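Residues per chain, in single letters:
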Amino acid sequence: MIYVREIQISIEEIIDRYGDNIYRLAFSRTKNIYDAQDIMQDVFVKLINSNKHFETFDYLKAWLLRITINLTKNLFNTAWFKKTAELDENLATYIEEQSEVYKYVLNLSKKYRTVIHLFYYEDLKTTEIADLLKTKEGTIRSQLTRARNLLKENMKEVEFDVFG
Amino acid sequence: MFSDKYKKDNEKIKLSDNTKYKLLNNVKVSKSMNKKTIISIGATLLIVSSGLILSNKSIFDDLKNNDSISTNITNTDTSDALESLEFDDKNASVSMQEFLSYNGKDYSLIQNNINSANINSIIDKKIGTSSTDENSNLFSNLNNKDVYTLKGYNKNILLAVTNYENEKVIEIFQHYDDNLIKTGKDIIEFMNISNNIIKANSINENGEPVGQDILPFMSDILACLHDAKNIIEDTNLVDKFFSTISEFKTINIELDNGIIRTIHIYREGYMFIDGYIFSITDQNFDKKIYDKI
């Protein structure tokens, strides 16, 4: 059973609330829908086995993001992932045609994709990202700077209004 | 603003209701399933994944051809200028990875067919019994296991025993630490394969031994591997690897402790082991080793 503020929350509700967040983070790291789905399932299996009590929904979300990152780290080290780590051609074409900036982010390396995603999609502060990734805030700041510079270089051909 | 655009793009990446439903079902089933069924699933998954790896013409052919992953992309929101990116694959089964977590490090299952007869001679110290409580220092996601270190290995490789009635399921788990594996020498030491190989065979796509006994060639193979560099972190070198490779042979080596390791050897002078790609420095590798095995 999962509790937030002593109130029992169903796994359905948690998936409804955060399923897409977990899926998007897993996809941004793995670039593979199947791996992202597997990771997502493992995250919720971990959650349902944890019997955790969370003080707030923010804590629950942070826990889910951290587990997602840990599980993708684990996946990156497997032979199977390294075999299928490239973006599927159909998917790559689709993202190329249909996304405005996502395609540029996906071209970044994993660590830059992750900090960009957590900062610009999840709106986390650099201290919070550092906590999730178990690294120093200074490292996150420099990774963000480097990632932004890479994006600026890669996005030269589009009208680019700098980062908000 | 970049942030708004990135969020807008992300909003288009979502699970279909169908996939969400399957996910929910699988999560619930994993909670209620009895232990033996779960163990069987773990074993089946391992066999299936091994089969997938072994059954490829080349383990990288699919990747090179970009046709290994068929993606059914459904565009549901036609009212928007940018269509919705909704990924749905009705045939995709969401599988379950069995893993351990010990001292904050995650371990993946790498083998589950260790012979239990000589287990006492290969285990070192008992670490403890894993719990399915995620807060536990020794956590396993599927069932409680007695976890041991193995003689000849550091704590990145662990052996776990799950008791079920009169059966023991023995599994080997491995933590992957990329910082440890820089060269072939590192992987040889990590896998402890320098002096205890008892069998070495070429295997076909079904994992069956084929061709000659490779054991007499293992010392030459390991000598080449010893000086090789792990290139997995170097994007340019990995790209070069993908564009260069043409054919490979797969060999299984069995160690005296029952652990089996698989090595893919490429004509162009690469070895693929455990997710790492090693670039061989010996220019005559193809004639000296590859053509002989």
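Residues numbered from 1 in each chain as written. Chains lettered and ligands numbered in written order. Predicted model: local features only at pLDDT ≥ 70, side-chain atom pairs only at ≥ 80, totals over all residues. Heavy atoms only, no water.

1. Some thoughts on the packing of helix H6 (residues 184–191) of chain B against helix H7 (residues 218–226) of chain B
All names here are of chain B.
Part 1 of the reasoning: As a packed pair, H6 and H7 sit with axes 6 Å apart at the nearest point and diverge in direction by 125°. One element, H6, and the other, H7, form an angle in the oblique class. In contact with Gly184, Lys185, Ile187 and Ile188 of H6, H7 contributes Leu222, Leu225 and His226.
Part 2 of the reasoning: Along the lines of polarity and charge, the residues of the contact of H6 with H7 split into four nonpolar, two polar and one charged. (Axes fitted to C-alpha atoms, helices over the stretch in contact; angles between N-to-C directions. Helix = DSSP H or I, 4+ residues; strand = E, 2+ residues; numbered from the N terminus. Parallel < 35°, antiparallel > 145°, perpendicular 65-115°, else oblique. Contact = heavy atoms within 4.5 Å. Nonpolar A, V, L, I, M, F, W, Y, C, P; charged D, E, K, R; others polar.)

2. Notes on the confidence of the model for chain A
All names here are of chain A.
Part 1 of the reasoning: Averaged over all residues, the pLDDT of chain A equals 80, while 83% of them reach at least 70.
Part 2 of the reasoning: Helix H7 (residues 110–121) holds the highest mean pLDDT among the elements of chain A, 92, whereas helix H4 (residues 79–83) holds the lowest, 45.
Part 3 of the reasoning: The model gives residues 79–85 a pLDDT under 50, and that stretch makes 27 contacts with residues more than four places away or in other chains. (pLDDT = per-residue confidence, 0-100.)

3. A word on the sheet that holds strand S13 (residues 229–230) of chain B
As a general point, the strands of a sheet are linked pairwise by backbone hydrogen bonds and lie either parallel or antiparallel.
All names here are of chain B.
Part 1 of the reasoning: Pairing in this open sheet of seven strands is antiparallel, and the strands run S12-S11-S14-S15-S16-S17-S13 from one edge to the other. For this open sheet the edge positions go to strand S12 (209–213) and S13, each flanked by a neighbour on one side alone.
Part 2 of the reasoning: Two strands pair when backbone bridges link them, and strand S15 (residues 260–266) and strand S16 (residues 270–273) are joined in this way by three bridges, in the antiparallel orientation. The residue bridging His264 from the neighbouring strand is Phe272, located in S16.
Part 3 of the reasoning: Of the strands in this sheet, S13, S15, S16 and strand S17 (276–279) are in contact with helix H8 (residues 235–244), which crosses S16 at around 105°. (Pairing = 2+ DSSP bridges.)

4. Topic: the packing of H7(A) against helix H1 (residues 2–11) of chain B
Part 1 of the reasoning: Contact geometry for H7(A) and H1(B): axes closest at 9 Å, N-to-C directions at 100°. When the axis of H7(A) is compared with that of H1(B), the two are roughly perpendicular. Residues A:Ile116, A:His117, A:Tyr120 and A:Tyr121 of H7(A) form the contact with H1(B), whose own contacting residues are B:Phe2, B:Ser3, B:Tyr6, B:Lys7, B:Asn10 and B:Glu11.
Part 2 of the reasoning: The class makeup of the residues in the contact of H7(A) with H1(B) is five nonpolar, three polar and two charged.

5. Concerning H7(B)
Part 1 of the reasoning: Three or more residues of H7(B) are buried, namely B:Met218, B:Ile221, B:Leu222, B:Cys224 and B:Leu225. Take H7(B) and look down its axis: the buried residues cluster within an arc of 160°, on one side only. (Buried < 20%, exposed > 50% of the residue type's maximum accessible area, 1.4 Å probe, protein only. Arc of directions from axis to C-beta.)

6. Concerning the packing of aromatic side chains
Part 1 of the reasoning: Scanning all chains against the criterion turns up ten aromatic pairs over all chains.
Part 2 of the reasoning: Taken together, a centroid distance of 5.3 Å and an interplanar angle of 80° make the contact between B:Phe241 and B:Tyr266 edge-to-face. Of the two residues, B:Phe241 sits in helix H8 while B:Tyr266 sits in strand S15, which places them 25 residues apart along the sequence.
Part 3 of the reasoning: Note on B:Phe241: relative accessible area 0%, which makes it buried.
Part 4 of the reasoning: B:Tyr266 gets classed as buried once you look at its relative accessible area, which sits at 1%.
Part 5 of the reasoning: A centroid spacing of 6.4 Å and a plane angle of 55° characterise the contact between B:Tyr276 and B:Phe278, whose relative ring orientation is tilted.
Part 6 of the reasoning: Its end group placed over the ring of A:Phe57, A:Arg17 keeps NZ or CZ at 3.6 Å from the ring centre. (Phe/Tyr/Trp six-rings, centres within 6.5 Å; stacked < 30°, edge-to-face > 60°. Lys NZ or Arg CZ within 6 Å of the ring centre and 35° of its normal.)

7. Some words on the confidence of the model for chain B
Residue and element names in this part refer to chain B.
Part 1 of the reasoning: With 74% of its residues at a pLDDT of 70 or more, chain B shows a mean pLDDT of 74.
Part 2 of the reasoning: Summarising per-element confidence for chain B, the mean pLDDT is lowest in strand S2 (residues 73–74) (30) and highest in strand S8 (residues 146–150) (94).
Part 3 of the reasoning: Throughout residues 32–96 the model reports pLDDT below 50, and contacts reaching past four residues in sequence, or to other chains, amount to 145 contacts.
Part 4 of the reasoning: Note on the complex model: pTM 0.50, ipTM 0.84.

8. Points about H1(B)
Part 1 of the reasoning: Those residues of H1(B) that sit buried are B:Phe2, B:Ser3, B:Lys5, B:Tyr6, B:Asp9 and B:Asn10. Angular distribution of buried residues about the axis of H1(B) spans 165°; they occupy a single face of the element.

9. Some points on the pattern of salt bridges
Part 1 of the reasoning: By the definition in use, this model includes 15 salt bridges over all chains.
Part 2 of the reasoning: Here A:Arg24 ties to B:Glu11 by a salt bridge, and the two come within 3.6 Å at their closest N and O atoms. Note that A:Arg24 is positioned in helix H1 (residues 11–30) and B:Glu11 in helix H1, a pairing that runs across two chains.
Part 3 of the reasoning: Overall, A:Arg24 belongs to the buried group, its relative accessible area being 4%. (Salt bridge = Lys/Arg side-chain N within 4 Å of Asp/Glu carboxyl O.)

10. Structural notes on the sheet that holds strand S1 (residues 2–4) of chain A
Part 1 of the reasoning: In space, the three strands of this open sheet follow the order S2-S1-S3 (chain A), with mixed pairing throughout. The open sheet terminates on both sides in strands that have one partner only, identified here as strand S2 (7–9) and strand S3 (53–54) of chain A.

11. Section: the pairing of S17(B)
All names here are of chain B.
Part 1 of the reasoning: Judged from the two bridges that link them, S13 and S17 form a sheet pairing that is antiparallel. Across the sheet, the residue bridging to Lys229 is Ser279, located in S17.
Part 2 of the reasoning: Where S16 meets S17, four bridges bridge the pair, whose relative direction is antiparallel. When the bridges of S17 are listed, Met271 appears paired with Phe278.
Part 3 of the reasoning: Taken together, S16 and the strand that follows it, S17, pair antiparallel across an intervening segment of two residues, in which Asp274 is found at a positive phi of about 60°.

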